[in-house]
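The chain contents come next:
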Amino acid sequence: MPNSGLPDFDHERQVAVAAAEEAGGLLRSRFGTARCLRTKGDSGDVQVDLDLAAEELVLSRLRHHFPHDRILSEEAGLLGAAGERTWLVDPLDGSNNVAIGLPAFVVGIGLCLGSTPVMGVVHQPVTGETWHAVKGRGAHGPTGTLPGPRPILPRPGPVVAWTQGYAVARGDATAVALRGALELSCRRVLQLWAPLLGWSLLARGTIDAFVGYRAEGVDLPTGALLAAEAGVDLRTLSGAQFRPGFAGDDTGRSFVAARGGTLAYLLREVGAAVERAAG
């Protein structure tokens, strides 16, 4: 197994897997009874009561095992003093899906050293599956090592997941241009309302690519690590190496994630779209 020279983070991974699966059991048992508590800003995103219940469970587990680490969580925000180790928690990625009764949601827990993701866990409560990755040690799931997508561009075009951050306006010229280009050049474009679900599909190789524009920071490092450890290449929209982080301006969180011919094809398409939007 590849080794980056970093610690194996085995204890952290075990705690995160247990916490994610316990939260997943809670979400699964109460799915269908979720209550919408509020909307978040003008984006249309919602918070449901299960967001808070799952978050309380995960945070309690992390605080018990790692009391000196800081935590950035979707609902609670940044907790704890500054330090090198930061846990990223999305206790219910797909709240909008849950609110309308669509069973497409996951629990995500990641760990960063500085701005670098080193461990990530994604759990899907509906199927009971858990996928996890440690930097330099590969990505794994219930059936073993995650293969990632094929590097060959599919003849009918790639199946691509799309995400954009909540701060992106509906009429944002670049977002409109990117979505339009993907709809014209790809076989299918998935808007899952749960980015971590998209990353898990990519890491498993069941979709061909993932494109994001000004993505949210709390789940991006966890999902990107899972895909990268499955052999996915992460690039910026201009083709440079993409380094997923949770801090800083969201303009640094736009990406194309794919392999081989699919990556080259999408970089051409999104590059042309960005140029059209700028012109």
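So, a few notes on the structure that sits alongside this text. All values reported here derive from a predicted model rather than from experimental measurement.

Describing a nonpolar patch on the surface
On the surface, I100, L102 and W193 cluster together to form a nonpolar patch covering roughly 340 Å² of accessible area. Residue placement: L102 occurs in the loop between α3 (95-99) and β6 (106-113).

Quick word on the sheet that holds strand β10 (residues 144-145)
Judged by pairing direction, the sheet is mixed, and its eight strands sit side by side in the order β4-β3-β5-β6-β7-β8-β9-β10 without closing on themselves. Edge positions in the open sheet fall to β4 (77-79) and β10, since each of these has one partner strand only. Inspection of the sheet shows strand β8 (residues 129-134) paired to strand β9 (residues 139-141) by two bridges, in the antiparallel sense. Residue pairing for β9: H132 is matched across the bridge by H140.

Observations concerning the packing of aromatic side chains
Geometrically, a pair of aromatic rings is defined through the distance of the ring centres and the angle of the planes. For the structure on display, the rule yields six aromatic pairs. Residues F210 and F255 carry aromatic rings whose centres are separated by 5.5 Å and whose planes lie at 90° to one another, so their mutual orientation is edge-to-face. In this pair, F210 sits in strand β13 (residues 209-213) while F255 sits in strand β15 (residues 255-258), placing the two residues 45 residues apart along the sequence. Overall, F255 belongs to the buried group, its relative accessible area being 1%. One aromatic cluster in this structure is built from W199, F210, F242 and F255.

Remarks on helix α2 (residues 49-65)
Taking 1.5 Å per residue as the helical rise, α2 with its 17 residues ought to reach 24 Å, and the 25 Å between its terminal C-alpha atoms agrees with that figure. All buried positions along α2 are accounted for by D49, L50, D51, A53, A54, E55, L57, V58, L59 and L62.

Thoughts on the pairing of strand β5 (residues 85-93)
Every other side chain in a regular strand lies on the same face of the sheet, so the side chains alternate between the two faces. When you tally the buried positions in β5, you get eight out of nine residues, the bulk of the element. With four bridges connecting them, strand β3 (residues 70-73) and β5 associate as parallel partners. Looking across to β5, one finds that I71 is bridged to W87. When β5 meets β6, the two strands line up antiparallel, connected through seven bridges. Each residue of the ladder has a partner; that of L88, found in β6, is G110.

A few points about the side chain of R253
Along the chain, the position of R253 falls in the loop between β14 (233-235) and β15. Salt bridges are absent for the buried R253, whose nearest opposite-charge side chain, D250, sits at 5.1 Å. A polar contact of 2.6 Å, which involves the side chain of R253, links it to the backbone oxygen of A215. Apart from the residues within four sequence positions on either side, R253 is in contact with G212, Y213, R214, A215, E216, G217, L220, F242, G245, F246, A247 and G248.

Details of helix α6 (residues 220-229)
For α6, the tally of buried residues reaches eight of ten residues, placing the bulk of the element in the interior. When α6 is considered as a whole, its buried residues turn out to be L220, P221, T222, G223, A224, L225, L226 and A227. A positive phi of about 95° marks G231, the residue just after α6.

A closer look at the nonpolar core
Counting residues in hydrophobic clusters, the biggest one holds 32 residues, and the most contacted among them are L27, L50, L62, W87, L92, I109 and M119. The greatest single-element share of this core, amounting to eight residues, is contributed by helix α1 (residues 10-30). Excluding residues that lie within four positions of it along the chain, M119 makes contacts with E12, R13, A16, W87, I109, G110, L111, A133, V134 and L225. Counting residues in each nonpolar core, the second largest holds 30 residues, with A104, A139, V159 and A257 among its members.

Focus on the pattern of salt bridges
A side chain with one charge can pair with a side chain of the opposite charge if their charged atoms come near. What the rule picks out here adds up to eight salt bridges. Between D69 and R85 there is a salt bridge, and its shortest N-O distance comes to 2.9 Å. A residue pair is termed long-range when its members are at least 10 positions apart, and D69 in the loop between α2 and β3 and R85 in strand β5 qualify at 16 residues. With a closest N to O distance of 3.2 Å, R214 and D250 form a salt bridge. One end of the pair, R214, is in the loop between β13 and α6; the other, D250, is in the loop between β14 and β15, and 36 residues separate them in sequence. Accessibility assignment for this pair places R214 and D250 in one class, buried.

Reading the values: the criteria
Residues numbered from 1 in each chain as written. Predicted model: local features only at pLDDT ≥ 70, side-chain atom pairs only at ≥ 80, totals over all residues. Heavy atoms only, no water. Patch = residues over 30% accessible without salt bridge, like charges linked within 9 Å, V, L, I, M, F, W, Y side chains within 5 Å. Areas by Shrake-Rupley, 256 points an atom, 1.4 Å probe, with all protein chains shown as cover. Salt bridge = Lys/Arg side-chain N within 4 Å of Asp/Glu carboxyl O. Helix = DSSP H or I, 4+ residues; strand = E, 2+ residues; numbered from the N terminus. Pairing = 2+ DSSP bridges. Phe/Tyr/Trp six-rings, centres within 6.5 Å; stacked < 30°, edge-to-face > 60°. Buried < 20%, exposed > 50% of the residue type's maximum accessible area, 1.4 Å probe, protein only. Expected span 1.5 Å × (residues − 1). Lys, Arg positive; Asp, Glu negative; His and termini not counted. Polar contact = N/O pair within 3.5 Å; in protein donor to acceptor, adjacent residues only side chain to side chain. Contact = heavy atoms within 4.5 Å. Core = buried A, V, L, I, M, F, W, Y, C linked by side-chain atoms within 4.5 Å.

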